[in-house]
Amino acid sequence: MKPALLLTSCVLFLGACRSQAPRYPVAPVELAGATLRDNALLGFGPEGVRDLFDDALETSGRFERVGDEAPKKARPWRLSLEVPFTREVLKDGNPHSFAEVGANLSLERFGGNTPQRYEIVGLGEAAVEEDSADGRRTAMRAALESVLRQVTESAVLQLAALDRADEALVADLQATDARVREFALRTLAERKHPAAAPLLIERLKDTSDADQVRRTIGALAEMKAKSAVPALIDLARGKDSGFLQEIVFAVGEIGGPEAEAYLYTVAQGHDTPSVQAAAQQALDTLYASRNHATAEARGQGHADP
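Residues numbered from 1 in each chain as written. Predicted model: local features only at pLDDT ≥ 70, side-chain atom pairs only at ≥ 80, totals over all residues. Heavy atoms only, no water.

Colleague: Just give me the short version of helix 10 (residues 257-269), but keep the residues and values in it.
Modeller: Its 13 residues place the ends of helix 10 18 Å apart at the C-alpha level, agreeing with the 18 Å of an ideal helix rising 1.5 Å per residue. Buried within helix 10 are the following residues: Ala 259, Glu 260, Tyr 262, Leu 263, Val 266 and Ala 267. For helix 10, the angular spread of the buried residues around the axis is 165°, confining them to a single face. Every exposed residue of helix 10 that faces more than 90 degrees away from the buried side is listed here: Pro 257, Thr 265 and Gly 269. (Helix = DSSP H or I, 4+ residues; strand = E, 2+ residues; numbered from the N terminus. Expected span 1.5 Å × (residues − 1). Buried < 20%, exposed > 50% of the residue type's maximum accessible area, 1.4 Å probe, protein only. Arc of directions from axis to C-beta.)

Take a look at the structure:
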């Protein structure tokens, strides 16, 4: 085959593969946050950001806009983009300053059995090559375009994870791409798959990101992962009363003998009245849930012939 024909064949093959990839319906796409209004560092307003985001969605080839009046083959995703900050920073050993832009993208879908919501976070950066207002705006725009590509690509990976079987997601936990690992773990936790619990428990050891710790605690409570109770008890040591109450309620949600013993101890002997009250409330809820489950089991036993 001649080189030109070979190149054409490869391009056609890649295009065919891309066209066969699933496309995700989206409606609407919204912008949020005060950073997008009158931002001198960016040099343009919300509509300019929307145009760049639309370009990123279009370039990915994986999103399809649907109108309210159009028939929907699948429930559309609602995308909401927030740009929480634009800033210029210095880095050790580098003569240039850097423009940085953060982006948070939320994906929501309603209807079906339960609503679905996922958060994507990204950071774009670009060197400020020219020490002038125009040079800073050029770098800031490049950083913005970079972060919009990041969150768009991550959104595709997150939505693709939702379509994958459990076995494939377990394999993805060993992927070289950290984003693939993250979205596989997030999806397995949502499905209450046992493979997710050990990795989530391991995350509790890194307390540098308080928001991630809280998300991890919530995921473990949602899974009712009893193996997480000892780690949560260890995590509670030395924490302030507000965070301790969050852990107490998570332990109560998980349940089990170890959780019950811990809650009883805290309810009876903690120095802070609000923590005592939270532990007692969690313990009462745990007792009520256990009694309800026991009553249901007995009722089913009597119903059997």
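On we go from here.
Colleague: Can you explain the nonpolar core? Please cite residues and give values.
Modeller: Ranked by size, the top nonpolar core spans 80 residues in total, and within it Leu 79, Leu 105, Leu 107, Leu 144, Ile 217 and Tyr 262 carry the most contacts. No fewer than three residues from each of domain 1 (24-163) and domain 2 (195-293) sit in this core. Apart from residues lying up to four places away in sequence, Leu 107 is in contact with Trp 77, Arg 78, Leu 79, Gln 116, Arg 117, Tyr 118, Ile 120, Ala 155 and Leu 159. (Core = buried A, V, L, I, M, F, W, Y, C linked by side-chain atoms within 4.5 Å. Domains from an automatic or database assignment. Contact = heavy atoms within 4.5 Å.)

Colleague: Break down the pairing of strand 6 (residues 116-127) for me, citing the residues and quoting the values.
Modeller: The alternating pattern of strand 6 places Gln 116, Tyr 118, Ile 120, Gly 122, Gly 124 and Ala 126 on a buried face and Arg 117, Glu 119, Val 121, Leu 123, Glu 125 and Ala 127 on a face that is not buried. Linking strand 5 (residues 97-109) back to strand 6 in an antiparallel pair, the connection comprises 6 residues, with Gly 111 at a positive phi of about 90°. (Pairing = 2+ DSSP bridges.)

Colleague: Could you give me a rundown of the packing of aromatic side chains, with the residues and numbers involved?
Modeller: According to the stated counting rule, one finds 2 aromatic pairs in the structure shown. Taken together, a centroid distance of 6.1 Å and an interplanar angle of 50° make the contact between Tyr 24 and Phe 63 tilted. One end of the pair, Tyr 24, is in strand 1 (residues 24-32); the other, Phe 63, is in strand 2 (residues 63-65), and 39 residues separate them in sequence. Residues Trp 77 and Tyr 118 carry aromatic rings whose centres are separated by 6.1 Å and whose planes lie at 55° to one another, so their mutual orientation is tilted. Remark: Tyr 118 occurs in strand 6 and Trp 77 occurs in strand 3 (residues 77-82); sequence separation between them is 41 residues. By relative accessible area, Tyr 118 is classed as buried at 3%. Over the aromatic face of Phe 98 sits the side chain of Lys 91, whose NZ or CZ is 4.5 Å from the ring centroid. (Phe/Tyr/Trp six-rings, centres within 6.5 Å; stacked < 30°, edge-to-face > 60°. Lys NZ or Arg CZ within 6 Å of the ring centre and 35° of its normal.)

Bear in mind that shape data such as this cannot, by itself, settle questions of function.
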